[in-house]
Amino acid sequence: MMDPVALDASQAEQKMTFTYEVSFEESENSFHRRYEQYLDFNFFQHKIHWFSVFNSFMMVIFLVGLVSMILLRTLRKDYARYAKEDELDSLERDMSDEYGWKLVHGDVFRPPNRLMWLAAVYGIGIQFCVQCVVVVLAVICGSLFMESGAVLNTVILSGALISFVGGYFSGSYYSQNDGKNWIKTMILSTALFPGVSFAILFVLNTIAVAHNSMVAIPFLYIVMLVVLFFFVTFPLSLAGTIVGRNWNGVPQYPCRIKRIPSPVPYKKWYLTPWAISLLGGLLPFGSIFIEMYFLFTSMWNYKVYYVYGFMLLVFLILMIVTSCVSVVGTYFLLNAENYHWHWTSFLSSASTAIYVFLYSIHFYLFKTKMTGLYQAFFYYGYTSIFCFALALMCGSVGYLSSGIFVRTIYRNIKCD
């Protein structure tokens, strides 16, 4: 320990030397349990946390049962009505008042607008779903939250290795819809999320360097990420795209596509694609609302998040609720004789991220003590990356569920 040094008030700049001393005390805790002193058991295992998960689980059971009952009864009536119409001759069929989702059977499998973008975000979202399950299971099995930076490194490495999955789903979907520019689609699918994330992190890193902050990402670490992207992520994504095009690139639609698109009739505002897209994210957000509080608290209020079993259960609940909501929205849209269901099913599920971002604003204003533009930039920058990934993940699950639903209902009707 050095003796204290008096400062000279007449000098503008002075050098100060900071010292500290450490005393080691023997502990009864074993080495592998050394991290438990930083875990807040009373916070994360509070009764509210258990109750929220139980409430979300019960909501899933109720929602799945309700959706199944309503859709099965409604579809059974639709099939009976369409079967009766098929028994009529051509003159009686022309004079009858036809309506419903069967009328758009010749347009429902038409390739969507901006096919390249939909294929890219769809592939990325499926990749994130697989990656989320892999990372959470790895953290649970290996207790990676006890090592500094282990979870983040696992996320980065798994994202690079699982990029094959994103390329596979993106390439197969693009080929099924008779896409021609598969190379551009592959590049977009591979570089979209890393590009957006890099742009945000570049701005944040520039701000950190300007403020001489220790949170600035080291240059060597950036070089390692670039090397990982070009020598691991990109080749695996290319391989997945090629495999997807060759193995699952042939369309298998139950109905033929008309040459001339049918006009979309005017409907009330709540049956329009934008209304379904905005309202579709409310229920999924409600199922993860409490867990978002614990997650944001661990990220910004210096608490170590360790209840990854809760996270896995909430993730599964979110995927189920998202699928149900997307299927219901797609049915309402098709029953309104609007066949533009592709982007609607994706955006109705992806809109969950909008409500999460709005909640993050509330959390920043009332649950944190952050002030100033410096902290605001970092908070909203990292939150934007998180919400973007959540939107891609939820959107792809919703679109996949709606696609299975649409193929199933049109496979069981007689198409001319």
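Residues numbered from 1 in each chain as written. Predicted model: local features only at pLDDT ≥ 70, side-chain atom pairs only at ≥ 80, totals over all residues. Heavy atoms only, no water.

Engineer: How do you make sense of the overall build of the protein chain when you look at a structure like this?
Structural biologist: Within the protein chain one finds 14 helices and 0 strands. Taking all 416 residues of the protein chain together, 42% fall into the buried category. Of all intrachain contacts in the protein chain linking residues separated by at least 6 positions in sequence, the fraction that spans at least 24 positions is 85%. (Helix = DSSP H or I, 4+ residues; strand = E, 2+ residues; numbered from the N terminus. Buried < 20%, exposed > 50% of the residue type's maximum accessible area, 1.4 Å probe, protein only. Contact = heavy atoms within 4.5 Å.)

Engineer: Would you take a moment to explain the pattern of salt bridges for this structure?
Structural biologist: Pairing of side chains with opposite charge becomes possible as their charged atoms draw close. In total, this model carries 2 salt bridges according to the counting rule given. Put simply, D178 and K180 hold a salt bridge, and the shortest N to O gap is 3.2 Å. With relative accessibility at 54%, the residue D178 sits in the exposed group. (Salt bridge = Lys/Arg side-chain N within 4 Å of Asp/Glu carboxyl O.)

Engineer: Even after reading the chapter, I still don't get the packing of helix α11 (residues 308-335) against helix α12 (residues 342-350), so can you show me in this structure?
Structural biologist: When two helices pack together, their arrangement is given by the angle between their axes and by how far apart the axes lie. Contact geometry of α11 with α12 gives a least axis separation of 9 Å together with a crossing angle of 140°. Compared by their axis directions, α11 and α12 come out oblique. Between α11 and α12 the crossing geometry is right-handed. Across the interface between the two elements, T322, S326, T330 and L333 of α11 pack against T344, S345, S348 and S349 of α12. (Axes fitted to C-alpha atoms, helices over the stretch in contact; angles between N-to-C directions. Parallel < 35°, antiparallel > 145°, perpendicular 65-115°, else oblique. Left-handed = near helix turned anticlockwise from the far one by under 90°.)

Engineer: I tried to follow the environment of G159 on my own but got confused; where do I start?
Structural biologist: Considering the arrangement of structural elements, one finds G159 in helix α5 (residues 150-161). Remark: the alpha-carbon pair of G159 and V232, spanning 73 residues in sequence, is separated by 10.0 Å. Those residues in contact with G159 that sit more than four places away from it in its chain are Q127 and Q131.

Engineer: Explain helix α6 (residues 163-176) here, please?
Structural biologist: Given 3.6 residues to a turn, an α-helix orients residues that are three or four positions apart in the same direction. With 14 residues, α6 should cover 20 Å at 1.5 Å per step; its first-to-last C-alpha distance of 20 Å lies within 8% of that length. Counting buried residues in α6 gives 10 out of 14 residues, a clear majority hidden from the surface. Of all the positions in α6, only S163, G166, G167, S170, G171, S172, Y173, Y174, S175 and Q176 are classed as buried. Contacts from the buried residues of α6 go to α4 (115-142), α5, α7 (182-210), α8 (219-248), α12 and α14 (372-411). The first or second residue beyond α6 is D178, which carries a positive phi of 60°. (Expected span 1.5 Å × (residues − 1).)

Engineer: Sorry, what's going on with the environment of A120 here?
Structural biologist: Structurally, A120 can be placed in helix α4. Judged by relative accessible area, which is 0%, A120 ranks as buried. Sequence separation between A120 and G171 is 51 residues, and the spatial gap between their C-alpha atoms is 8.5 Å. A120 has contacts with S170, L188 and S189, leaving out every residue within four places of it along the chain.

Engineer: Can you walk me through the packing of aromatic side chains in this structure?
Structural biologist: We describe a pair of aromatic rings using the distance from one ring centre to the other and the angle between the two ring planes. Tallying each qualifying case throughout the model produces 33 aromatic pairs. Summarising the aromatic geometry, the rings of F128 and F193 are spaced 4.8 Å apart at their centres and angled 80° between planes, so their arrangement reads as edge-to-face. With F128 in helix α4 and F193 in helix α7, the pair connects residues that are 65 residues apart, well separated along the chain. A relative accessible area of 12% means that F128 is categorised as buried. Taken together, the ring pairs in this structure connect F285, F289, Y293, F294, F296, Y355, Y359, F363 and F386 into an aromatic cluster. (Phe/Tyr/Trp six-rings, centres within 6.5 Å; stacked < 30°, edge-to-face > 60°.)

Engineer: What is the right way to look at unusual backbone geometry in this model?
Structural biologist: Of note in the backbone geometry, D178 takes a positive phi value of approximately 60° without being a glycine. When you line up the elements, D178 lands in the loop between α6 and α7. A positive phi angle is found at N212, which is not glycine, with a value near 55°. On the secondary structure map, N212 appears in the loop between α7 and α8.

Engineer: What is the right way to read the packing of helix α13 (residues 352-366) against α14 from this model?
Structural biologist: Interhelical geometry of α13 versus α14 gives an angle of 155° and a closest axis separation of 9 Å. In terms of their interaxial angle, α13 and α14 are classed as roughly antiparallel. Here the hand of the crossing between α13 and α14 comes out right-handed. Of the residues in α14, those in contact with A353, V356, F357, S360, I361, F363 and Y364 of α13 are G372, A376, Y379, Y380, T383, S384, F386, C387, L390 and A391.

Engineer: When you look at the confidence of the model for the protein chain in this model, what are you seeing that I'm missing?
Structural biologist: In regions of low pLDDT, the predicted coordinates are not meant to be interpreted in detail. In this model, the protein chain carries an average pLDDT of 85, and 89% of its residues clear a pLDDT of 70 or more. Per-element averaging of pLDDT across the protein chain places helix α3 (residues 90-95) at the bottom with 46 and α13 at the top with 96. Every residue in residues 91-97 scores below 50 in pLDDT, and together they form 5 contacts with partners more than four places removed in sequence or on other chains. (pLDDT = per-residue confidence, 0-100.)

Engineer: I would appreciate a short explanation of α12 in the present structure.
Structural biologist: The element α12 is extensively covered by neighbouring structure, given that 7 of its 9 residues are classed as buried. Those residues of α12 that sit buried are H342, T344, S345, F346, S348, S349 and A350. Contacts from the buried residues of α12 go to α4, α6, α9 (273-279), α11, α13 and α14.

Engineer: How should the side chain of N205 be read in this particular structure?
Structural biologist: Along the chain, the position of N205 falls in helix α7. Excluding residues within four positions of it along the chain, N205 makes contact with A216, I217 and I222.

Engineer: Explain the environment of S158 here, please?
Structural biologist: Looking at the element boundaries, S158 is found in helix α5. The spacing of S158 and T233 is 75 residues in sequence and 9.9 Å in space, taken between C-alpha atoms. Excluding residues that lie within four positions of it along the chain, S158 makes contacts with Q131 and V135. A distance of 3.4 Å separates the side chain of S158 from the side chain of Q131, its partner in a polar contact. Of note is the side chain of S158, whose polar atom sits 2.7 Å from the backbone oxygen of T154. (Polar contact = N/O pair within 3.5 Å; in protein donor to acceptor, adjacent residues only side chain to side chain.)

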